[in-house]
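Observations on chain architecture
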Amino acid sequence: MRSSAEAAPLRRGPGNFESWNRCAHFYLGLYLLSFVWLFSFTGLLLNHPRWAFADFWPGRKESTIEQRIERPPAGTDLEQARNILDQLGLQGEIEWTVERGEASRFDFRASRPGRIFEVSTDLGRGQARVRRIEVNGWGVMRMLHTFSGVRADDTRNERDWILTSIWTLTMDAIAAGLAVIVLGSYYMWWRLPQKRVWGLAFLLAGWVLCAVFVSGFNVSL
Amino acid sequence: MLTRQRIYWIIRDMHLYAGLFVSPFVLVFAFSVFALVHPSRQSRPTVSGSRTVRNLYVPADIEKDIGSAGLVAVRRILDQCMVRGEIGFIQHLPRENRLIVPVSVPGRETVVVIDLKGRTADVSNRETGVMGSLALLHKSPGPHLVDIRMNWLPMRIWRWVADSTVYLILFLSASGIYLWLLLRAARRVGVVLLAAGALSFVGIIYALIG
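Residues numbered from 1 in each chain as written. Chains lettered and ligands numbered in written order. Predicted model: local features only at pLDDT ≥ 70, side-chain atom pairs only at ≥ 80, totals over all residues.

With respect to the interface of chain B and chain A
Our working rule: Once C-beta atoms are placed from the backbone, any two residues with those atoms within 7 Å are in contact. To qualify as a helix, a DSSP run of H or I must reach at least 4 residues; to qualify as a strand, a run of E must reach at least 2; elements of each kind are numbered from the N terminus. Here the term charged refers only to Asp, Glu, Lys and Arg, the term nonpolar to Ala, Val, Leu, Ile, Met, Phe, Trp, Tyr, Cys and Pro, and the term polar to all other amino acids, Gly among them.
Each partner contributes residues to the interface: chain B has 66 residues there, and chain A has 61 residues. Element by element, the count of residues in the side of chain B that touches chain A is highest for helix α1 (residues 4–37) of chain B, at 21 residues. Here the side of chain B that touches chain A is composed, by residue class, of 49 nonpolar, 11 polar and six charged.

Below you can see the structure in the form of C-alpha cells.
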C-alpha cells in the first residue's frame, strides 16, 4: 500500500521546520523506544506489586562472605567506603544505612540494579562481612526504574557512582525527548486543519483531567 | 470491508487523537522525572501552617488495628480535622499514646498527630508546589504499603489514569512504528536510529548490572 504520507516525500533543507519537526517526532521516538518501553512496563510493575509473576523478592538469593581488609586511609566516609569496596572487588552506589558510631565500625550498603551488598566492617580487626542479595530479571527491571541514588526526603545520601550519574542523565534525556515529541506533535496536529476540532476536543479533555489531578483535586469529589 | 488504506487512516487518526489526549499526562511523567532525579534540597517544603483541633471523637481501641481496618476510624478523625487526602501510613507511639498520620494531596503534605487520651490533633501543612505535586503523582500508587494505599477516591482514580497512560503509550509506540514503516523514505534512517537506541539501551544496562 502506498499511503498519502508516503506519497508526500520528506522535505529536506535548512529552515524547513515542518519537515525537521516531523522527522524529530518519529526518529526520536524510534531511538527512545527501548527506554520508553522499559519505563512504561516497569511503571506498571511498580503500580501492581501483587502481580505474582513479577514478585522477585521471595526468590532472591542471599549469601554472606567474610574477608580481611586493610584499614582505609584517612578521608571522608565516602572515600573510605569506596576504598573498602575496591578491596572487596565490588562496585555500586553507596548508601548510608546507619549513623557511624564507633570509629572502628563502619557499615554501609552498595547497590546496583539486581544486586545489593550490605557491608559491615570492623576496621580494628581488619574484617569485612558482606551480605550479598541478588534478585532476578524482574527485580533488575524494577530497580532500573528507580535507580537514581537520591531521594527527596533523604539529605544524607548523594549520588556517588559514575554509572548512576550516567543512568540519571539517560533518564533526563528520555524525559526531555518525550517532551520534544509531545510539543512537536502539537505543531504537527495544528498543521492539519481538518483535524483541529476533534483534536482540540481530545487535547482539552486531557489537559482538564490532568489539571484536576495536578491541582490537588480542588474540585468536589 | 476495511481496506488497507482505511486501516491506515484509522490507525493514523487513533494515533493522533490518543496522543493528544494522553500528552498532558506524558508531560507530567516527563517533567516529574527532573524533580525525582534531582530533588532540590534547598527548597525543602517548610511548614506553612499548623493548628490544634480539640474535643475529637476518637473511636475506642483505634490504636489496636492500624492496618487497613483502622483506616476507616482514622479517616473519621481526619474528617473532624477537615483534613482530606491519601493516608501514607499510620504510626502508633504507645508511650505517648499518639498516632502519627501523614496525609498527601498533590501540592500539599499534612501531618496529623492525634493524642488519643487528650482527644486532640495537631495538624501541620507543608506546601510542596507544582513539582512536588508532579512527583507525588509520578510515584503513586507505587509498590509500598499495598494493604492501605489508594485509600482516597481521587488517588484510586489516579491509579487507573496512570495505568491507562502506560497502555496508551504502548499503543502510541506500536502504532507509531506501523506509521513509520509506511514511510519508505524514512525507513533506513529509522532502522539505524532504532538499532542505535537499542544498542545504547543494552550497553548502559549491561554496564549497570555488571
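Once you've had a look at it, read on.
Structural notes on the sheet that holds strand β1 (residues 61–68) of chain A
All names here are of chain A. The following threshold applies: One requirement defines pairing of two strands: DSSP has to find at least two bridges between them. Orientation is described by lines fitted to C-alpha atoms, with helices fitted over the stretch in contact, and by angles between N-to-C directions that extend from 0 to 180 degrees.
Taken in spatial order, the five strands of this open sheet run β1-β5-β4-β3-β2, and their pairing is antiparallel. Each edge of the open sheet is held by one strand with a lone partner, namely β1 and β2 (93–95). In this sheet, neighbouring strand axes are inclined to one another by 20° on average, regardless of whether the strands run parallel or antiparallel. Relative to strand β3 (residues 105–112), β2 runs antiparallel, the two sharing three bridges. Of the residues in β3, the one forming a bridge with Ile94 is Ala110.

A few points about the domain arrangement of chain A
Residue and element names in this part refer to chain A. Convention followed: Start and end positions for the domains come from either an automated domain assignment or a database one.
Taken domain by domain, chain A comprises domain 1 (4–49 + 172–214) and domain 2 (54–168). The C-alpha centroid of domain 2 is placed 39 Å from the C-alpha centroid of domain 1. In this complex, domain 1 contributes seven residues to the contact, which on the side of domain 2 involves six residues. Top contributing element to the side of domain 1 that touches domain 2 by residue count: helix α2 (residues 17–47), with six residues.

Quick word on the packing of α2 of chain A against helix α5 (residues 184–209) of chain B
For clarity, the cut-off: Roughly parallel here means an angle under 35 degrees, roughly antiparallel means over 145, roughly perpendicular means 65 to 115, and every remaining angle is called oblique. Definitions for this section: a left-handed crossing has its near helix turned counterclockwise from the far helix by less than a right angle. A right-handed crossing has that turn clockwise.
Where α2 of chain A meets α5 of chain B, the closest approach of the two axes is 7 Å, and the angle between their N-to-C directions is 30°. Judged on the interaxial angle alone, α5 of chain B and α2 of chain A are roughly parallel. For the element pair α2 of chain A and α5 of chain B, the recorded crossing hand is right-handed. Only Ala186, Val189, Gly190, Leu193, Leu194, Ala196, Gly197, Ala198 and Phe201 of chain B of α5 of chain B make contact with α2 of chain A, whose side of the interface consists of Phe26, Tyr27, Leu30, Tyr31, Leu32, Leu33, Ser34 and Phe35 of chain A. By residue class, the composition of the contact of α2 of chain A with α5 of chain B is 14 nonpolar, three polar and no charged.

A closer look at the domain arrangement of chain B
Under the domain assignment used here, chain B contains domain 1 (4–38 + 161–209) and domain 2 (47–127). Spacing between the C-alpha centres of domain 1 of chain B and domain 2 of chain B amounts to 43 Å.

Considerations on the environment of Val135 of chain A
Residue and element names in this part refer to chain A. The line we're drawing: As a rule, residues whose C-beta atom has 12 or fewer other C-beta atoms within 10 Å are exposed, those with 20 or more are buried, and those in between are partly exposed; C-beta atoms are placed from the backbone.
Inspection of the secondary structure puts Val135 in the loop between β5 (127–134) and α4 (137–146). Of the residues examined, Val135 has 19 C-beta atoms within 10 Å and is grouped as partly exposed. Placed 77 residues apart in sequence, Val135 and Val212 show a C-alpha to C-alpha distance of 39 Å. Apart from residues no more than four positions distant in its own chain, Val135 is found in contact with Phe56, Arg60, Gly114 and Val140.

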